[in-house]
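Read off the chains here:
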Amino acid sequence: MSEREANLEVDVEILDDRTAVLTVGGELDMDTAARLEDRLWQQLSLGRARLVLELSALDFMDSSGLNVLIRAVNRARANGGDLYLAAPTPAVRRILEITGVTTMIPPHDGMAEALAAAGGSR
């Protein structure tokens, strides 16, 4: 399943009843953040509260994207799950670090680590 809007692409892979991997590529900003948020909320509404975001193709993220991540992790945790970030690019990792988001959502270097933390596998 793939959707493209502006410069953001979000692909969703269902791993099990509680876990989904969302591969996010392009630019996550005020013009595209709603697209990712819609996809995250869709998965949460279907009972998938363990959400893994694969970020190796995400070139840019602004405060709108950070806000989506913070709302998503809070909602996932309220539903008994969590949000896992996998393989953020250096630019995205830097934004996560300087804003302190890494204290709330620690990024994983690769998909294997993030999936292990989520309790799933591909």
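Residues numbered from 1 in each chain as written. Predicted model: local features only at pLDDT ≥ 70, side-chain atom pairs only at ≥ 80, totals over all residues. Heavy atoms only, no water.

1. Considering the overall build of the protein chain
Part 1 of the reasoning: When helices and strands are counted, the protein chain shows five helices and six strands.
Part 2 of the reasoning: Helices (α) and strands (β) of the protein chain occur, in sequence order from the N terminus, as β-β-β-α-β-α-β-α-α-β-α.
Part 3 of the reasoning: In terms of overall dimensions, the protein chain has C-alpha extents of about 30 × 30 × 25 Å along its principal axes.
Part 4 of the reasoning: Taking all 122 residues of the protein chain together, 49% fall into the buried category.
Part 5 of the reasoning: The long-range share in the protein chain, meaning contacts at least 24 apart out of those at least 6 apart in sequence, stands at 68%.
Part 6 of the reasoning: Summed over its atoms, the accessible surface of the protein chain is roughly 5700 Å², and 49% of this surface lies on carbon and sulfur atoms.
Part 7 of the reasoning: Looking at charge distribution, the protein chain has the averaged site of its 12 positive side-chain charges lying 5 Å from that of its 19 negative ones. (Helix = DSSP H or I, 4+ residues; strand = E, 2+ residues; numbered from the N terminus. Buried < 20%, exposed > 50% of the residue type's maximum accessible area, 1.4 Å probe, protein only. Contact = heavy atoms within 4.5 Å. Areas by Shrake-Rupley, 256 points an atom, 1.4 Å probe, with all protein chains shown as cover. Lys, Arg positive; Asp, Glu negative; His and termini not counted. Charge placed at Lys NZ, Arg CZ, Asp CG, Glu CD.)

2. Focus on the pattern of salt bridges
Should their charged atoms come close, side chains of opposite charge can pair.
Part 1 of the reasoning: In the structure shown here, the tally under the stated rule is four salt bridges.
Part 2 of the reasoning: For the salt bridge of Arg-71 with Glu-37, the shortest nitrogen-to-oxygen distance reads 2.6 Å. With a gap of 34 residues between them, Arg-71 in helix H2 (residues 63-78) and Glu-37 in helix H1 (residues 33-45) connect regions that are remote in the sequence.
Part 3 of the reasoning: In this structure, the salt-bridge partner of Asp-109 is Arg-93, at a minimum N-O distance of 3.0 Å. Residue Asp-109 is located in the loop between strand S6 (107-108) and helix H5 (111-118), and its partner Arg-93 is located in helix H3 (residues 90-98); the two are separated by 16 residues in the primary sequence. (Salt bridge = Lys/Arg side-chain N within 4 Å of Asp/Glu carboxyl O.)

3. With respect to the pairing of strand S3 (residues 19-28)
In regular strands, side chains alternate between the two faces of the sheet.
Part 1 of the reasoning: Of all ten residues that make up S3, eight are buried, and the element is covered over most of its length.
Part 2 of the reasoning: Of the pairings in the sheet, the one linking strand S2 (residues 8-16) to S3 comprises eight bridges and is antiparallel in character. Residue pairing for S3: Glu-13 is matched across the bridge by Val-21.
Part 3 of the reasoning: Here nine bridges tie S3 to strand S4 (residues 50-61), and the two strands are oriented parallel to one another. (Pairing = 2+ DSSP bridges.)

4. Observations concerning unusual backbone geometry
Part 1 of the reasoning: The phi angle at Ala-87 is positive, at roughly 55°, despite the residue not being glycine.
Part 2 of the reasoning: Mapped onto the fold, Ala-87 is located in the loop between strand S5 (82-86) and H3.

5. As for the confidence of the model for the protein chain
Part 1 of the reasoning: Summary statistics for the protein chain give a mean pLDDT of 93 and a share of 93% for residues scoring 70 or more.
Part 2 of the reasoning: For residues 1-5, every residue scores under 50 in pLDDT, and the model assigns this stretch 16 contacts once sequence neighbours within four places are set aside. (pLDDT = per-residue confidence, 0-100.)

6. Some points on the nonpolar core
Part 1 of the reasoning: Counting 29 residues, the largest nonpolar core has Leu-22, Leu-36, Leu-40, Leu-53 and Leu-83 as the members making the most contacts within it.
Part 2 of the reasoning: Looking at this core, the elements with two or more residues in it are S2, S3, H1, S4, H2, S5 and H3.
Part 3 of the reasoning: In terms of residues, this core owes the most to one element, H2, which gives six residues.
Part 4 of the reasoning: Beyond its immediate chain neighbours, meaning those up to four positions away, Leu-36 contacts Leu-8, Val-10, Leu-22, Val-24, Leu-28, Leu-53 and Val-68.
Part 5 of the reasoning: Of all hydrophobic cores here, the second largest spans eight residues; its members include Val-21, Ala-86, Met-111 and Ala-114. (Core = buried A, V, L, I, M, F, W, Y, C linked by side-chain atoms within 4.5 Å.)

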